[in-house]
Each structure stands twice: as C-alpha cells, then as structure tokens.
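# Secondary and tertiary structure notes
Take a look at the letters that make up each chain.
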Amino acid sequence: MPMFDTRSIIVPVRGRSDVIEIFLHELPFDPSDVVEMLRSELAPLEIWCEFAMAYYKRGDRRQFREILLGVVDAFDVYEMQDYYRAAQSKFTDDRLRILNLLAASATLVFVSQVNQEIRSDWKQKALEYIGRADKIQASHVPTKLCKSLFWLGELHHDSNALRNARYYTDLAVEADGRKLQCPVLETHVRVLLLMLKCGLRGQYRRKIFVLSVICN
C-alpha cells in the first residue's frame, strides 16, 4: 500500500472563519489552481512560501518558482498592502523572504548551466531579485548571504568572485553580531574553506543548497 504524505497546509478563507486544507500529496503538478486560490483568498505571504517549499521539497523546481512569482506581482496591490497595514514589519520580512528564495533558486540554476545564454538569463534574474530585496531593506542579512552565494556561483567566471563572496558573508556575520545563527556561520565557513582548499584552481561544486540558508 503506497504511503502518502499526510501533512497539510491550512489556508484561511477570506472574510470568513472557515479554512481550506490542502494535503501535500494532493498538490497538483500544475500550480496555477493553487496560485489562483491563494490570490482569491488573499493568503498571507507565509502561506505562499509554505506551498512553494512543499513543491521544492518534492523536487518540483519550476512549480516552486511559479508559486513565488505568482505573489511577487501582488506586493503593490492595494488589498495586499491593506491586509498588512497593521503589521508592516512582517510584510517587509515576508517579501524579503520570497525575493531571497527566488534569488537563491535562480543562482542554483545559473551555476549549473553550461549554455552561456541561458546562464546569463538566470544570472540576470538572480540580480533582479537581489536588487528588489535591497530596495526594500538594504541591511537584511539573508540578502547579504544571497549576494555571497551569487558570487560563489561566479567562482570560475570572475577573478573577484571569492573576494566578493567573502565581503558579503563578513557583512552578514557582522550584522548578526554575537547572535550568530547556524546558517550564517555555515555559509561563512563554506566561503573560508573554498578560499583555503580550492582557490581558483579547485573544482567548484555545482549544487549549492542555499534554500536552507535563506529559509531560516
């Protein structure tokens, strides 16, 4: 008998006390219905992230990005801003999380690309998301980590890549002060190891699992 994932995501119904429960094993391959439901219910941004990460953990990278892109365009919609009027700091944090997830995902794609045209397109997407995050809050630590990971992706394409990665990681560590969290420390150690062990002569690992850093 097949084993199903019994976990679910709860979506509040707009203007009512009811909820919609979506079991993870029932997520459709095409996420368009999920996006439409989340838009119509004016779902909180954290719930959009839950659905996106559910797809990501299932290995559905395209659907992961479609969910997040489905809400990015709604950041400036009046209803969304009105929903968060009494919680502006949370609105800021959730928007930054979404943009950093998209930036990290785009970095993973361009790092793995051999085709230079495709690589360039995804590289520009990563820079676009990082730029939008910076406009919201330039001091956000996860955005600094995204920049560091972006430059790690440029290791064999830019002679200043390691230096830039180290610079942004140091900024993130400094911003966290003495309250170092594991994701920040892990990234810092990774950059240092690359500098000491690999340098520009080493073989760079193509797959960098950055989402665990950005999601914490």
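To be clear, the structure that these remarks concern was listed above.
Everything numeric here is computed off the predicted structure, so don't read it as measured data. (Residues numbered from 1 in each chain as written. Predicted model: local features only at pLDDT ≥ 70, side-chain atom pairs only at ≥ 80, totals over all residues. Heavy atoms only, no water.)

## Focus on the overall build of the protein
Quick note on the threshold: Here a helix means four or more residues in a row that DSSP labels H or I, a strand means two or more in a row labelled E, and each is numbered from the N terminus. Accessible area is worked out with a 1.4 Å probe on protein chains only. A residue is then buried under 20% of its type maximum, exposed over 50%, and partly exposed in between. Contact criterion: two residues are considered in contact whenever any of their non-hydrogen atoms come within 4.5 Å of each other. Surface accessibility follows the Shrake-Rupley procedure with a 1.4 Å probe radius. Residue values consider only the protein chains on display as shielding.
Helices and strands together make up the secondary structure of the protein, namely 10 helices and two strands. In sequence order, the secondary structure elements of the protein are arranged as β-β-α-α-α-α-α-α-α-α-α-α. Sorting the 216 residues of the protein into buried and exposed places 46% on the buried side. Residue pairs at least 24 apart in sequence account for 62% of intrachain contacts in the protein once pairs closer than 6 positions are excluded. When the accessible area of the protein is evaluated, it comes to approximately 12100 Å², of which 52% is carbon and sulfur surface.

## Quick notes on the pattern of salt bridges
How we decide: Note on definitions: salt bridges are taken to be side-chain nitrogens of Lys or Arg within 4 Å of carboxyl oxygens of Asp or Glu.
A complete count under the given rule lists 10 salt bridges for this structure. A salt bridge links arginine 85 to aspartate 82; its shortest N-O distance comes to 3.1 Å. A salt bridge links lysine 90 to aspartate 94; the nearest nitrogen and oxygen atoms lie 3.2 Å apart. A residue pair is termed a helical-turn pair when its members lie 3 or 4 positions apart in one helix, as lysine 90 and aspartate 94 do in helix H5 (residues 88-112) at four residues. With a relative accessible area of 9%, aspartate 94 lands in the buried category. Counted as one network, the salt bridges with shared partners bring together Glu46, Lys90 and Asp94.

## So, the environment of proline 28
Inspection of the secondary structure puts proline 28 in the loop between strand S2 (19-23) and helix H1 (32-40). Those residues within four positions of proline 28 in sequence are excluded, and the remaining contacts are Val34, Tyr55 and Arg58.

## Let's talk about helix H2 (residues 45-57)
The line we're drawing: In this analysis, the expected span of each helix is defined as 1.5 Å times one less than the number of residues it contains.
With 13 residues, H2 ought to run about 18 Å at 1.5 Å a step, and its terminal C-alpha atoms sit 18 Å apart, in line with that. Buried residues dominate H2, accounting for 10 of its 13 residues. Listed in full, the buried residues belonging to H2 are Leu45, Ile47, Trp48, Cys49, Phe51, Ala52, Met53, Ala54, Tyr55 and Tyr56. With its phi angle positive at about 90°, glycine 59 sits one or two positions after the end of H2.

## A word on the pairing of S2
Cut-off, in case you're wondering: Two strands are said to pair when DSSP picks up at least two bridges between them.
Note: strand S1 (residues 8-12) against S2, five bridges, orientation antiparallel. What sits directly across from valine 11, in S2, is isoleucine 20. In textbook terms, the turn of a hairpin is the stretch between consecutive antiparallel strands, and for S1 and S2 this stretch comprises six residues, one of which, glycine 15, has a positive phi near 75°.

## Things to note about the packing of H5 against helix H6 (residues 116-136)
Threshold: Lines fitted to the C-alpha atoms define the axes, with helices restricted to the stretch that makes contact. Angles between their N-to-C directions range from 0 to 180 degrees. Orientation labels follow simple angle bins: below 35 degrees gives roughly parallel, above 145 gives roughly antiparallel, 65 to 115 gives roughly perpendicular, and whatever is left gives oblique. Crossing handedness: left-handed means the near helix sits turned counterclockwise from the far one by under a right angle, and right-handed means the same turn made clockwise.
Contact geometry for H5 and H6: axes closest at 8 Å, N-to-C directions at 160°. Here H6 runs roughly antiparallel to H5, going by the angle between their axes. Two packed elements cross with a definite hand, and for H5 against H6 that hand is left-handed. Mapping the contact onto sequence places Thr92, Arg95, Leu96, Leu99, Asn100, Leu102, Ala103, Ala106, Thr107, Val109 and Phe110 in H5 and Arg119, Trp122, Lys123, Lys125, Ala126, Tyr129, Ile130, Arg132, Ala133 and Ile136 in H6.

## Here's the deal with the side chain of threonine 143
The condition that has to hold: Any N or O atom pair separated by 3.5 Å or less is treated as a polar contact, with the protein-specific requirement of one donor-capable and one acceptor-capable atom, and with residues adjacent in sequence counted only for side-chain atom pairs.
By the element assignment, threonine 143 lies in helix H7 (residues 141-153). Residue class for threonine 143 comes out buried when judged on its relative accessible area of 0%. Side chain to side chain, threonine 143 and asparagine 100 meet in a polar contact 3.2 Å long. Leaving out residues up to four positions away in the same chain, threonine 143 has contacts with Leu96, Asn100, Ile130, Ala133 and Asp134.

None of the figures reported here should be taken as evidence of function without further support.
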